[in-house]
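Analysis of the macromolecular model
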Amino acid sequence: MSEPDTLRDVLDQAESGAPAAGHAVRDIFSTDEIFRRIVATADEEFQRSGRLLFLSGLAAGLSIGLSLLARATMTAHAGGGDDAILIGNLLYPIGFLLIVLGRYQLFTENTLTPVTLVMTRIASIPLLLRVWGIVLAANLTGAAIAALLFTKTSVMEAEAMEAAIKFGEHALEYGWQTLFWKGLVAGWLVASMVWIVHAARETITRLFAIFLIMYLIPTADLFHCIIGACEVLMLVFNGQAAIGELLHFLTAVVLGNTVGGVLLVAILNYAQTQVARFPDRDLEALRLSWREWLFGSAPGRPDLVPGSAAALMQREAEADKER
């Protein structure tokens, strides 16, 4: 291989082995290349300890609280009517910007990234449920801390508090089925946003994608489970709602967000990919057995992505054995 080709390979590939530039057009990734970038992210998530996952999820839950604070404050300053709500929605994406650009763990994002490895049978279902459980618990803990802070202190102005309470009351107006369908579309949007973020090469492009897609959730009167939980928890801490009402909201929206992310994005986008999912890896060699896939807890195959730390360690161990 010539020196320019070697240099090009170095520039066009991240350390993890994921593509850093498109093969056909340098600044545009194909569906397969986007999939490989998401797989690299998923592999990193599966390698994290439970403690790190929880702390990252906690940071995400707290950041979501800032979306509620910003939206309620803007809505209050804009007058509090229907038009004011549309203006307030402009600040709804704040928490998501912090989460995505800050690389925190948000449950609805995890309906896409780790699912890709499970669908390829490289990571097991119990491992996926472990990640989901830790991240969801951490997100809700962070959202509860934020709601308690806003309710029991003077952080929020009286007008902003009134607007935030109205958000929570509105969330409890719907029946379980309606909440599920609204949550499904919201999950679809969040997972689509994650896909687009992995397709972008510049931070400014990611910023606009996050802002535009997340702005649609409150504007279309859809529900995201974590920020919605923060809104309803404010009612609970204020003595205006019961725990049963919170659980009614959460079960419907969490399930809807999950189905929307997994079925309408992860599976559909996965179906578009071809054998180029892992062009320089033997996919059959990477796959878990059906028993491992259903019941195992190992974090995938260590040689998933060529060039990854796990792959290098495995090759070094094999080389030592040969010596």
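Residues numbered from 1 in each chain as written. Predicted model: local features only at pLDDT ≥ 70, side-chain atom pairs only at ≥ 80, totals over all residues. Heavy atoms only, no water.

Attention shifts here to the packing of aromatic side chains. Summed over the entire model, instances satisfying the criterion amount to eight aromatic pairs. Judged by centre distance (6.0 Å) and plane angle (5°), the ring pair of Trp-176 and Phe-180 falls under stacked. Of the two residues, Trp-176 and Phe-180 are both situated in helix 9 (residues 176–199); the distance of four residues between them amounts to about one turn of the helix. With relative accessibility at 36%, the residue Trp-176 sits in the partly exposed group. On the numbers, 5.7 Å between centres and 90° between planes, the contact of Phe-223 with Phe-249 is edge-to-face. Of the two residues, Phe-223 is situated in the loop between helix 10 (203–219) and helix 11 (225–237) and Phe-249 in helix 12 (residues 243–272); the sequence distance between them amounts to 26 residues. For Phe-223, a relative accessible area of 6% puts it in the buried group. An aromatic cluster of at least three residues, connected via ring pairs, comprises Tyr-174, Phe-223 and Phe-249. Looking at Arg-71, its charged tip hangs above the ring of Phe-167, at a distance of 3.9 Å from the centre. Directly above the ring of Tyr-174 sits Lys-182, whose terminal nitrogen or CZ lies 5.1 Å from the centroid. (Phe/Tyr/Trp six-rings, centres within 6.5 Å; stacked < 30°, edge-to-face > 60°. Helix = DSSP H or I, 4+ residues; strand = E, 2+ residues; numbered from the N terminus. Buried < 20%, exposed > 50% of the residue type's maximum accessible area, 1.4 Å probe, protein only. Lys NZ or Arg CZ within 6 Å of the ring centre and 35° of its normal.)

Moving on, we get to the pattern of salt bridges. Side chains carrying opposite charge are able to pair once their charged atoms draw close together. Taken as a whole, this structure holds four salt bridges when the rule is applied. A salt bridge links Arg-71 to Glu-231; the shortest N-O distance between them is 3.3 Å. With Arg-71 in helix 3 (residues 50–77) and Glu-231 in helix 11, the pair connects residues that are 160 residues apart, well separated along the chain. We classify Arg-71 as buried; its relative accessible area is 9%. The shortest N-O distance in the salt bridge between Asp-221 and Lys-182 comes to 3.5 Å. (Salt bridge = Lys/Arg side-chain N within 4 Å of Asp/Glu carboxyl O.)

On the surface, Leu-101, Ile-204, Leu-207, Phe-208 and Leu-212 cluster together into a nonpolar patch covering about 470 Å² of accessible area. Tallying contributions element by element places helix 10 first for the nonpolar patch, with four residues. Summarising the element assignment, Leu-212 is placed in helix 10. On the basis of relative accessibility, which here comes to 57%, the residue Leu-212 falls in the exposed class. (Patch = residues over 30% accessible without salt bridge, like charges linked within 9 Å, V, L, I, M, F, W, Y side chains within 5 Å. Areas by Shrake-Rupley, 256 points an atom, 1.4 Å probe, with all protein chains shown as cover.)

Next up on the list: the environment of Val-155. Position of Val-155 among the secondary structure elements: in the loop between helix 7 (125–152) and helix 8 (158–171). Given a relative accessible area of 44%, Val-155 falls into the partly exposed group. The spacing of Val-155 and Leu-69 is 86 residues in sequence and 9.0 Å in space, taken between C-alpha atoms.

Turning our attention to the nonpolar core. Counting residues in each nonpolar core, the largest one holds 78 residues, and the members touching the most others are Leu-68, Met-156, Met-193, Ile-210, Met-214, Ile-217 and Met-234. Aside from chain neighbours lying at most four places away, what touches Leu-68 is Phe-150, Met-156, Ala-164, Phe-167, Ile-227, Cys-230, Glu-231 and Met-234. (Core = buried A, V, L, I, M, F, W, Y, C linked by side-chain atoms within 4.5 Å. Contact = heavy atoms within 4.5 Å.)

With respect to the secondary-structure elements, Glu-45 resides in helix 2 (residues 31–47). The side chain of Glu-45 sits in the buried core without any salt bridge; Arg-103 is the nearest counter-charge, 5.3 Å away. Sequence-distant contacts of Glu-45, defined by excluding residues within four places in its chain, comprise Leu-53, Gln-105, Asn-110, Thr-113 and Pro-114. (Lys, Arg positive; Asp, Glu negative; His and termini not counted.)

Confidence in the prediction of the chain, expressed as mean pLDDT, is 84, and 80% of residues score 70 or more. Of all the helices and strands in the chain, helix 15 (residues 309–322) carries the lowest mean pLDDT, 50, while helix 11 carries the highest, 97. Every residue in residues 305–315 is under pLDDT 50, and counting partners more than four places away or in other chains gives 22 contacts. (pLDDT = per-residue confidence, 0-100.)

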